[in-house]
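Structural overview
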Amino acid sequence: MNNMWILNMGFVALLIGVGLYCLLTMRNAVKLLIGIEVIAKGVTLALVAGGFARNSLMLAQCLVITVIVVDVAVIATALALIININRHTKSLDVRKLTKLKG
Amino acid sequence: MLHLSLLIGLVAFSILAVLIRDLLKSAISLAVASVFLAVLFFEMNAVYAGVFEVSVVAGLITVLFITAIALTRGDGDVVESRRHLAVFPLFFLALAVIDILVMKRLLGRIPAMVNPESGTFADVLWNQRTFDLVGQIGAIFAGVLAVLALFRRGEKDAGHESPRGDAPLAGGQPPAGDAALMGRQPHTGDAALMGRQPQGGSHE
Amino acid sequence: MIFLFIIVPLVMASLLPLVGKISKRFLPDLLANATMLFLLVYAVVSARPLVAGGGVVQQAFWFGAPLNIRLLLDGFSLFMLFTISLVSFTVTLYSIDYMEHYGAKADYYALLLLMIAGMNGLVLASDLFNIYIFLEVAAIASYALVAFGRGHDELEASFKYLMLSAVASAFILLSIAIIFALTGGVSFGTVAHGLETLNVRFVVGFCSALFLMGFGLKAALVPFHSWLPDAHPSAPAPISAMLSGVLIKVSGVYAMMRVFLNVFGLTPALTTILSILGIASIFVGALAALGQNDIKRMLAYSSISQIGYVVLGFAIGTPLGILGGLFHLFNHALFKSLLFLNAGAIERSTGTRSLDKMGGLAKVMPVTAGTSAVGSLSIAGVPPLNGFWSKLLIIIALVQAKMVALAVLAVLGSVVTLWYYLVLQHQAFFGKLNESWKAVKEAPFWMSASTILLALLCIAVGLAFPVVIHSWLQPAADILGKGVGVAMSFIGF
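Note that the structure is a prediction, hence the values are computed from the model and not measured. (Residues numbered from 1 in each chain as written. Chains lettered and ligands numbered in written order. Predicted model: local features only at pLDDT ≥ 70, side-chain atom pairs only at ≥ 80, totals over all residues.)

1. Regarding the overall build of chain A
In terms of helices and strands, chain A carries three helices and zero strands. Going residue by residue from the N terminus, the α and β elements of chain A occur as α-α-α. Taken against the 2.2 N^0.38 rule, which gives 13 Å for 102 residues, the C-alpha radius of gyration of chain A at 17 Å runs more than 25% over that of a compact globule. The principal-axis extents of the C-alpha atoms in chain A amount to approximately 50 × 25 × 25 Å. In chain A, which comprises 102 residues, the proportion classed as buried is 77%. (Helix = DSSP H or I, 4+ residues; strand = E, 2+ residues; numbered from the N terminus. Rg over C-alpha atoms; globule rule 2.2 N^0.38 Å. Buried ≥ 20, exposed ≤ 12 C-beta atoms within 10 Å, placed from the backbone.)

2. With respect to the overall build of chain B
When you go through chain B residue by residue, the secondary structure sums to nine helices and zero strands. Counting from the amino terminus, chain B carries its helices and strands in the arrangement α-α-α-α-α-α-α-α-α. When each of the 204 residues of chain B is scored for burial, the buried share is 29%. Across chain B, contacts joining residues at least 24 apart in sequence account for 48% of those joining residues at least 6 apart. (Contact = placed C-beta atoms within 7 Å.)

3. Some details on unusual backbone geometry
Across the junction of Val222 of chain C and Pro223 of chain C, the peptide omega takes the value 0°, indicating a cis bond. If you trace the backbone, Pro223 of chain C turns up in the loop between helix H9 (201-218) and helix H10 (228-234). One non-glycine residue, Asn45 of chain B, lies in positive phi territory at about 75°. Relative to the helices and strands, Asn45 of chain B is located in the loop between helix H2 (23-43) and helix H3 (47-71). The phi dihedral of Lys402 of chain C falls on the positive side, at around 65°, and the residue is not glycine. Relative to the assigned elements, Lys402 of chain C resides in the loop between helix H16 (386-400) and helix H17 (404-428).

4. Let's talk about the nonpolar core
In this structure, Val48 of chain A together with Leu111, Leu113, Leu114, Ile140 and Ala144 of chain C are the most contacted members of the largest nonpolar core, which totals 298 residues. The element contributing the most residues to this core is helix H3 (residues 57-89) of chain A, with 23 residues. Residues within four places of Leu114 of chain C in sequence aside, it is in contact with Gly138, Phe141, Ala142 and Leu145 of chain B together with Ala13, Val137 and Ala141 of chain C. (Core = buried A, V, L, I, M, F, W, Y, C linked by C-beta atoms within 7 Å.)

5. Description of the interface of chain A and chain B
The interface of chain A with chain B comprises 65 residues on the first partner and 70 residues on the second. With 25 residues, the single largest contributor to the side of chain A that touches chain B is H3 of chain A. Class assignment for the residues of the side of chain A that touches chain B results in 37 nonpolar, 18 polar and ten charged. (Nonpolar A, V, L, I, M, F, W, Y, C, P; charged D, E, K, R; others polar.)

6. Things to note about the interface of chain A and chain C
Each partner contributes to the interface: chain A provides 29 residues, whereas chain C provides 29 residues. Of all the secondary structure elements, the ones that give two or more residues to the side of chain A that touches chain C are helix H1 (2-25), helix H2 (29-53) and H3 of chain A. Counted by class, the side of chain A that touches chain C contains 21 nonpolar, six polar and two charged residues.

7. Examining helix H4 (residues 75-98) of chain C
Look at H4 of chain C: 34 Å from first C-alpha to last across 24 residues, which is about the 34 Å you get at 1.5 Å a residue. For H4 of chain C, the buried fraction is high: 24 of the 24 residues fall into the buried class. (Expected span 1.5 Å × (residues − 1).)

8. A look at the packing of H3 of chain A against helix H7 (residues 152-183) of chain C
At a minimum axis separation of 10 Å, H3 of chain A and H7 of chain C run at an interaxial angle of 155°. With respect to H7 of chain C, the element H3 of chain A is oriented roughly antiparallel. For the element pair H3 of chain A and H7 of chain C, the recorded crossing hand is left-handed. On the side of H3 of chain A, the interface is formed by Val67, Val74, Ala78, Leu81, Asn84, Ile85 and His88 of chain A, while H7 of chain C contributes His152, Leu155, Glu156, Ser158, Phe159, Leu162, Ala166 and Leu173 of chain C. Of the residues assigned to the contact of H3 of chain A with H7 of chain C, the class counts are ten nonpolar, four polar and one charged. (Axes fitted to C-alpha atoms, helices over the stretch in contact; angles between N-to-C directions. Parallel < 35°, antiparallel > 145°, perpendicular 65-115°, else oblique. Left-handed = near helix turned anticlockwise from the far one by under 90°.)

9. Brief notes about helix H6 (residues 128-146) of chain C
Helix length check: H6 of chain C, at 19 residues, gives a terminal C-alpha distance of 27 Å against a target of 27 Å (1.5 Å per residue), a fit within 8%. Most of H6 of chain C is tucked away: 19 of the 19 residues are buried.

10. Here's the deal with the packing of H16 of chain C against helix H18 (residues 445-463) of chain C
Residues and elements named next belong to chain C. H18 packs onto H16 with a crossing angle of 50° between their chain directions and a minimal axis gap of 7 Å. The orientation of H16 relative to H18 falls into the category oblique. Of the residues in H18, those touching H16 at Asn386, Phe388 and Trp389 are Cys458, Val461 and Gly462.

11. With respect to the confidence of the model for chain A
With 92% of its residues at a pLDDT of at least 70, chain A reaches an overall mean of 88. Here H1 of chain A is the element of chain A with the lowest mean pLDDT, 90, and H2 of chain A is the one with the highest, 93. (pLDDT = per-residue confidence, 0-100.)

12. Overview of the environment of Thr183 of chain C
Residues and elements named next belong to chain C. Structurally, Thr183 is set in helix H7. Expressed as a C-alpha distance, the spacing of Thr183 and Leu195, which sit twelve residues apart in the sequence, is 6.7 Å. Apart from residues lying up to four places away in sequence, Thr183 is in contact with Thr190, Val191, Gly194 and Leu195.

13. Side note on the environment of His332 of chain C
Residues and elements named next belong to chain C. Assignment of secondary structure puts His332 in helix H14 (residues 319-350). Looking at His332, the number of C-beta atoms within 10 Å reads 29, which means it is buried. Apart from the residues within four sequence positions on either side, His332 is in contact with Gln306 and Val310.

14. So, the environment of Val19 of chain C
Residue and element names in this part refer to chain C. Counting through the fold element by element, Val19 comes out in helix H1 (residues 4-22). Residues Val19 and Phe134, 115 residues apart in the sequence, show an inter-C-alpha distance of 25 Å. In contact with Val19, not counting residues within four places along its chain, are Leu27, Pro28, Leu31 and Ala106.

15. Observations concerning the confidence of the model for chain B
All names here are of chain B. Across chain B, the average pLDDT comes to 75, with 72% of residues at or above 70. Counted against residues more than four places away or in other chains, residues 157-204, with its pLDDT under 50, gives 65 contacts. Here the predicted complex carries an ipTM of 0.95, next to a pTM of 0.88.

Below is the structure:
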């Protein structure tokens, strides 16, 4: 049972790594959000994997549902910000967001 | 093994979502990865999580992404460079190697402990995790209010742009001047924006 | 009933947008301020007797039927509740005048109330996962509030803040997931018991590192501080005060300390790491603040520096250190809010945040200058104002714990703090009155009232500090000092 948990967590680590790569190197603002989504997938998988290993799936699912709801709210806010930024700078390039420095 | 292949599928489509340069295809790839994750949840007996994952993440969030992509399309699309296709495999290989090494070390070191059976899902959700539900309500309110506040119809604040016009900026003056100009004509701000685009429809 | 702390702001936040359709200014102002006043009074009056006997766990009721929500209220939580209510009340008073120019006051108050509901929920949580959720609620509200004016700078700052904060939340959640798998539960009691009998120090260390990164970013601890100097200046002044004054403390320092001191237990490794990060924050913040021209950016770097003091105090782990950390947390909430609100008043009146362009404002804005002077002297640690006592406690605790080198560095940091605040006061208020500011008026009534209130509190707390320590801080310090025992006693959940 626990080797299964370790296998799952191994893939969680891969997912989070991929998400972090996206956040660190991509220039398009919407792509950055996709990176955050990938990380969120990794974390929900970690939660369910933990529940599976400990036979407390009901608790794990409650946690996962809450996490997904919160994630939707964050993504909605972020997209609202991006659309507003797009109105100002006419592009989605995060390299253009460098006015605040120093 | 089904479990392993689902995991591999999930990671593969997530990688595709990150690497594909067209935003729309990237969002669709993310949705497919969500479906893989949902099937994975079903396979692990977490049916409620699977249903939620499919309906909310593969459904609602994908729709949000596609809406945002459509609303911001056409004005200077940013396309990622091709060097990612070369850099990423190296990165992923290094990550996978470290991952396997660490996991191998942990094999068998984690003690197995199984919880006693808890109640049904409804019981756990409504009775044990009631505080979470209050939190969820708060999060939903926060999201709704945030979106409402950010999209409210209103004058661009005339009195607010000028302080930033004076505050020191490292990015050079012209962008600040533009913003200050747009700010000082409060009621024409939005109209000016729409006027500058021949296809003004994409903004509404 | 302590559930009111969360429900009242939540319900009010849901009603305000509807009220806002009827009355644009008067009713939202009235309702928001009334709510804050109620929370403040409630925190002072009814919660004190509850806490007298150590922690209390209360079951919430909804119109008579018992809900399965058990809220934890002990000295530490009550202390934070009081701090949050106090700062929120003054900020809401201030907003009556300041937010006139932004429009949509009802939405603003609704978001502010949600942020407060989230912070209150975090403070009252008895469960790791509840901490995460209410952290997120407060964070989402703060993203929208930072970007409230929808100008380019604000949107950019809010976006960067959102990205970094979302990663931090993901790390925190990952750590919770791993702990859940290791110990089978997420409530404090289950986790504490589970960790006691476990023998996988590597994984627990990894979880601690994840918590450190996640909560450290929320607290703007070096090296996770880069979002703060952008987010705090761009936000509207009352929101800067809320963020710097309470949010980074509640979602960063409180959560970190609650988890590390009461659930994990403070190990020597943690002490070392936190002390190093604390000292680094003190210096990075102080040195960066020296070179700033934008007044709010200078204040933001100063926040990073002062949070370094707070974390240092907690990291020492001795009762005196914890006491010093708590006291400095409270004091910083008071004087940093005061300074940010004043910076907002200056910005509102003169239209600039640039210190170069200011000068001699004391002649035209005497109230602002006076309260700002009180705030600057307090934060720089001048006796007998409150900042002096809290820094003294931390430094004495450092010496007692044989970390003399750190104590010397902390004193040095304090000297630098004094220096840049004197620069701020001189450049902004004293000296020759810049011609362009001849016609500037003093800040409007509510803005001045809130800053005067905060300044008086700074003086009062400074003069009466033994009383403050005995009645408010000691119970909180005791709870933290008991360490993991506190979590163990909640095994009933």
